[in-house]
Amino acid sequence: MQIISVISLWFIPVLIAFILVYGTIKRVPTYESFVDGGKEGIKIAVSIIPFLVGMLVAISVFRASGALEYFMEFIRPALLAIGVPPDIVPLAIIRPISGSAALGITSDLIAVHGPDSFIGRLASVLQGSTDTTFYVLTVYFGAVGIRKMGDALKVGLLADLVGIIAAIVVVTLLFTS
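Computed from a prediction, not measured in an experiment: that's the story for all the values here.

Secondary structure assignment for the protein yields nine helices and zero strands. Against the compact-globule benchmark of 16 Å for 177 residues, the protein has a radius of gyration of 21 Å, which places it well outside the compact range. Within the protein, the proportion of its 177 residues that are buried is 27%. The contacts of the protein with a sequence gap of at least 6 include a subset with a gap of at least 24, amounting to 62%. As displayed, the protein has an accessible area near 11900 Å², and 73% of this comes from carbon and sulfur atoms. Distance from the positive charge centre (11 side chains) to the negative charge centre (11 side chains) of the protein: 10 Å.

The next thing to look at is the side chain of Thr132. Within the secondary structure, Thr132 is located in the loop between helix H7 (118-129) and helix H8 (133-143). For Thr132, a relative accessible area of 10% translates into the label buried. Here the side chain of Thr132 touches Asp131 through a polar contact of 3.5 Å, side chain to side chain.

Here Ser98 is to be found in the loop between helix H5 (89-94) and helix H6 (99-113). Ignoring any residue separated from it by four or fewer positions in sequence, one finds Ser98 in contact with Ile59 and Thr132.

Quick look at helix H1 (residues 2-25) now. Helix length check: H1 (24 residues) gives 33 Å between terminal C-alpha atoms against 34 Å at 1.5 Å per residue, within 8%. The sharpest bend along H1 reaches about 40° and sits at Phe11, with the proline Pro13 one to four residues further on.

This part is about the UniProt feature "domain: Nucleoside transporter/FeoB GTPase Gate" (unreviewed entry) in the protein. Under the local residue numbering, the UniProt record ascribes the feature "domain: Nucleoside transporter/FeoB GTPase Gate" (unreviewed entry) to residues 46-146. Split by type, residues 46-146 is 77% helix and 0% strand. Its first and last C-alpha atoms lie 17 Å apart.

The rules behind each value
- Residues numbered from 1 in each chain as written.
- Predicted model: local features only at pLDDT ≥ 70, side-chain atom pairs only at ≥ 80, totals over all residues.
- Heavy atoms only, no water.
- Helix = DSSP H or I, 4+ residues; strand = E, 2+ residues; numbered from the N terminus.
- Rg over C-alpha atoms; globule rule 2.2 N^0.38 Å.
- Buried < 20%, exposed > 50% of the residue type's maximum accessible area, 1.4 Å probe, protein only.
- Contact = heavy atoms within 4.5 Å.
- Areas by Shrake-Rupley, 256 points an atom, 1.4 Å probe, with all protein chains shown as cover.
- Lys, Arg positive; Asp, Glu negative; His and termini not counted.
- Charge placed at Lys NZ, Arg CZ, Asp CG, Glu CD.
- Polar contact = N/O pair within 3.5 Å; in protein donor to acceptor, adjacent residues only side chain to side chain.
- Expected span 1.5 Å × (residues − 1).
- Bend = angle between axes of the 7 residues up to and from the residue.
- UniProt positions renumbered as here; feature names shortened; annotations may be inferred.

What follows is the structure, given as structure tokens:
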């Protein structure tokens, strides 16, 4: 276990040093390249603001309209029949849309049920097993001008579904007797 701690502590500094030494050997102006990358990063950050605002508004409308609660009540009987706690569904729905909203839901679930409860553990594993698919597609694809993202959306949502199912199965197998 100690070797993993040492590796994780030194990995990033060694990687940065390697890149700088390699760039110097190849006679690449490393500092100028770093500054140019920073300038480009700022331009990209400014260009994604409209996409980010649009995504945040859509999330707010979805939650404030009551659509999430209506959907929850509709699928509650089916979830209970297969042994999935309905409290986890808002997290599973919101996670592909917004990481910060999902983190808020995870925090609420842990505050209500406790970090060592089945729901608290499931929420934590689910948070790490899925990604913010719509956010990634909207912000990053939009920033670089990619308009056709249908296949990426399908694969991203499929990966999220697999992550959700895997989280439920793994937490059920590991934390229930």
